[in-house]
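Examination of the molecular architecture
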Protein chains: 2
Amino acid sequence: MRVAVSYNACTSGAFCAPYPTAGGAMEAGTRLLEEVAERARLREGGAGVAAFLRLLYRRSPLRTAELARALGWPIPVTAAVRGELERAGLLERRPGGSALAPGARSWVEETLGLRTREDPLCPLCGGRRIVVDSRWEGLLSRLEEIHRRNPAVDRALDQSHGMPETALRRALAMYREGALEGKEVLLLGDDDLVSVAIGLLSKELSPQGQVYRGLVVVDIDERFLAHIGDAAREFSFSVETLAHDLRQPLPEALRSRFEAVETDPPYTEAGLRLFLARALEGLKAGAGWDLFLSFAPRDPAGQHTLLRVCLELGLAVFSITPDFNRYAGAATLAGSSQFLHLRTTEARPEPLGPYEGPLYTREVRPALRRYRCLGCGRRFVVGPGGEITAIEALKGAGCPSCGGHRFRAGRLLEGVEEHA
Amino acid sequence: MRVAVSYNACTSGAFCAPYPTAGGAMEAGTRLLEEVAERARLREGGAGVAAFLRLLYRRSPLRTAELARALGWPIPVTAAVRGELERAGLLERRPGGSALAPGARSWVEETLGLRTREDPLCPLCGGRRIVVDSRWEGLLSRLEEIHRRNPAVDRALDQSHGMPETALRRALAMYREGALEGKEVLLLGDDDLVSVAIGLLSKELSPQGQVYRGLVVVDIDERFLAHIGDAAREFSFSVETLAHDLRQPLPEALRSRFEAVETDPPYTEAGLRLFLARALEGLKAGAGWDLFLSFAPRDPAGQHTLLRVCLELGLAVFSITPDFNRYAGAATLAGSSQFLHLRTTEARPEPLGPYEGPLYTREVRPALRRYRCLGCGRRFVVGPGGEITAIEALKGAGCPSCGGHRFRAGRLLEGVEEHA
């Protein structure tokens, strides 16, 4: 018989006493974590609240955006948990951010078994694997200069500008994987200026001639294409730009032509699926071509979906680096996203025709906004699916409580400001 | 109409001349790469051969194992490509490894468009995200001491000992993700001594009491369980060990009990699927529990399969770090593997009963070995599926050419020495 079960209760006598769980205290603690999660509608449950407290235990104060990035949660969710923990007396706000309340430290030690405060994440690359160091100082300052002249974000297109360092880090990651040098490179959407980073990197690496064979940017926003074209003229690098709505298939001239594609699509499943399908139209036939994808951090179910879409399209995932990208002012998502390196397999999906469905975040989850009646103070949630469908309707009909016709716009509600 | 196509042939006049492809020379070059790939039976094709040459262009000489690790290929495949490139006059062997042959540099520049030699990978963590630095010197030397006393590898069980630094790096990665402190931790198979690294790390971080709530090692190899138990007694950390064949479901006492599982399963699809299924038996119900998986590097189709198996079991993949683990003497795979951080979703697979199929590499792809007749020099491939099924049969019948009965064993053939 194969199975040989010999359960050794414990191999080291001295330490086998049950972990000090403080019995009922721990159970009550677990219940409290679950309650906080429920009230904050945290999909990660009590374990998520425990992770939040662990971060504060290891380092504090921490700003809400820092917590959100470390946890991979949207800002509003993080703020809701913070609020509930504050109400529960476990957290206090300080000038530099949130910290454990006095007394909460021992509660956390007892309930969660926390005792230590190390961080073995690489301090040089911050766990991003690619280092943007002083070697690239000149390049980065040119990129920052161009970034400062960016057109304003168009939130309807899920735009949210990646930081200059992020654009360069992506370009360096592509370079390292051999996806730039001597290659035909396609960028699907580029309000992050990755094309400019690639162009400047090429000049820096090889002043006597560009390193890439071809560089094409496809974007729906002509303002950005003009901006990129200006940078190319100013800094003498070569790029082709094409104004094109990716709801439509790539034009014939771009199909099966590229060896590498980079994209940071709208953070909806439809956006992901559409941009990846167009990427596959652009890539040459066969296995092993590179696709670099940036996407918002997700909870386990969402992350499962992200990967499933990639696999369904025949793409293999070779690396996933959390918190690789940083964005300016992408408030809801804490300005951070993950970076995935995919490669084609021999399996390719059926070609995708024109796409007519909802695509950008506001189309998939249209924006809800709070409004307050200036007459009586009553609050309304306005937007598709809200109490009132549109603010114009509310203004026309007047406040149901006091009949007033003046309203003040409040904050956008959770989950609507996701960015590309 | 949505589509606005305005194809700008090029936005920067001066650099728009076609890339210097040297016309026919490049085409001939591409053909040569394809031929090398075919002769070496390289699944990655000509693009793979180009990647091989790019590595040598950027840094040389490089040993075959270094090339294999960087490319994520098995050693025999890498050696075959090296041999074909040598025959083609593009590569030469030097004392320190392979290098481009004289004259090949300009050929590579012309054909592949290569010009630069940077490496932006983080020099501190080597792209592994977690740093094992002098902070852990004492711990690491204790771990090395225990590693030196390891039982011999049992290749039938796909064993291949992870390096001490690898065990510690995994323990630190688990710690950072909050998967150790205050947690119930299960290791499925542990010839890599991750349990010892966790035990020593716990002592280092918190001398006054362990950081984990519970630590259980399940392995089929009682020699390793005894070895781990000895280390636990010597260094006073707590661990439970269980001799158990994972072909059988986990015993009742271990089910739905753990918050984190770590495993480095046999590198076969059956092994992966089985160990992940057992991991899910051990993990608590619900979403968000941690699973740390090490697995051999794969070509695009194999990597697609690896991810597909994870998703089919309801697991979400949050990070993939290539070349995270290093192994002592895992020759075929160049002693390197990737590290994946998975989390459970609410979706759980149907329970898996006892498993009776092939599991370890030698069962899935039984070993073929070359033998040479000492009489006439004729060579044979011996093993299941080879010219001769077993060496005993050849010795009994004698050499079909000269009748000799003495044979010398040669090298194992490709793909059979994969390790756990």
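These numbers were taken from a predicted model, which means no experiment stands behind them. (Residues numbered from 1 in each chain as written. Chains lettered and ligands numbered in written order. Predicted model: local features only at pLDDT ≥ 70, side-chain atom pairs only at ≥ 80, totals over all residues. Heavy atoms only, no water.)

What follows deals with the relation of the copies chain A and chain B. With an RMSD of 0.2 Å, the fit of chain A onto chain B corresponds to turning through 180° and sliding 0.0 Å along the axis. When the rotation and shift are considered jointly, the pair of chain copies conforms to a two-fold rotation axis. Residue Ile320(A) of chain A places its C-alpha closer to the rotation axis than any other residue of that unit, at 2.4 Å. Most of the interface of chain A is mirrored in chain B, where 100% of its interface residues again form contacts. (Least-squares fit on C-alpha atoms with pLDDT ≥ 70 in both. Contact = heavy atoms within 4.5 Å.)

With that settled, consider the interface of chain A and chain B. The interface is formed by 96 residues belonging to chain A together with 96 residues belonging to chain B. Summing both partners gives a buried area of about 8200 Å² for chain A against chain B, and 56% of it is carried by carbon and sulfur. Counting across the chain A and chain B interface gives six salt bridges. Measuring nitrogen to oxygen at the nearest pair gives 2.7 Å for the salt bridge that ties Asp119(B) to Arg176(A). Linking chain A to chain B there are 31 residue pairs in polar contact (both at pLDDT 80 or more). When its residues are assigned to classes, the side of chain A that touches chain B shows 43 nonpolar, 29 polar and 24 charged. (Buried area = accessible area lost by both parts, 1.4 Å probe. Salt bridge = Lys/Arg side-chain N within 4 Å of Asp/Glu carboxyl O. Polar contact = N/O pair within 3.5 Å; in protein donor to acceptor, adjacent residues only side chain to side chain. Nonpolar A, V, L, I, M, F, W, Y, C, P; charged D, E, K, R; others polar.)

Time to look at the sheet that holds strand β11 (residues 379-382) of chain B. Residue and element names in this part refer to chain B. With antiparallel pairing, the three strands of this open sheet are ordered in space as β11-β10-β12. In this open sheet, the two edge strands, each paired with only one partner strand, are β11 and β12 (407-412). For this sheet, the mean inter-axis angle between neighbouring strands, taken without regard to orientation, is 30°. Pairing of strand β10 (residues 369-373) with β11 involves four bridges; the strand directions are antiparallel. Its bridge partner lying in β11, Arg-372 is registered against Arg-379. (Pairing = 2+ DSSP bridges. Helix = DSSP H or I, 4+ residues; strand = E, 2+ residues; numbered from the N terminus. Axes fitted to C-alpha atoms, helices over the stretch in contact; angles between N-to-C directions.)

Here the focus is the sheet that holds strand β11 (residues 369-373) of chain A. All names here are of chain A. Strand order in the open sheet made by the three strands is β12-β11-β13, with antiparallel pairing throughout. With partners counted over all chains shown, the strands left at the sheet margins are β12 (379-382) and β13 (407-412), one partner each. When strand polarity is set aside, the average angle formed by the axes of neighbouring strands in this sheet is 30°.

Attention now moves to the confidence of the model for chain A. Residue and element names in this part refer to chain A. Mean pLDDT over chain A: 87, with 89% of residues reaching 70 or higher. Residue range residues 1-22 is modelled with pLDDT below 50. Its contacts to residues more than four positions away, or to other chains, number 52 contacts. Throughout residues 414-420 the model reports pLDDT below 50, and contacts reaching past four residues in sequence, or to other chains, amount to 42 contacts. (pLDDT = per-residue confidence, 0-100.)

Right, let's talk about helix α9 (residues 222-235) of chain B for a bit. Residues and elements named next belong to chain B. End to end, α9 covers 20 Å across 14 residues, agreeing with the expected 20 Å (1.5 Å per residue, within 8%). Those residues of α9 that sit buried are Phe-224, Leu-225, His-227, Ile-228, Gly-229, Ala-231, Ala-232 and Phe-235. Along its buried surface, α9 packs onto α6 (137-148), α8 (194-205), β4 (214-219) and β5 (240-243). Note on α9: the residue one or two positions beyond its end, Ser-236, has a positive phi of about 55°. (Expected span 1.5 Å × (residues − 1). Buried < 20%, exposed > 50% of the residue type's maximum accessible area, 1.4 Å probe, protein only.)

Residues and elements named next belong to chain A. At the junction of Ser-60 and Pro-61, the peptide bond is cis and its omega measures out at 0° in the coordinates. Along the chain, the position of Pro-61 falls in the loop between α2 (45-58) and α3 (64-71). Although it is not a glycine, Asp-323 adopts a positive phi angle of roughly 55°. Assignment of secondary structure puts Asp-323 in strand β9 (residues 315-326). Residue Asp-323 is classed as partly exposed on the basis of its relative accessible area, which comes to 22%.

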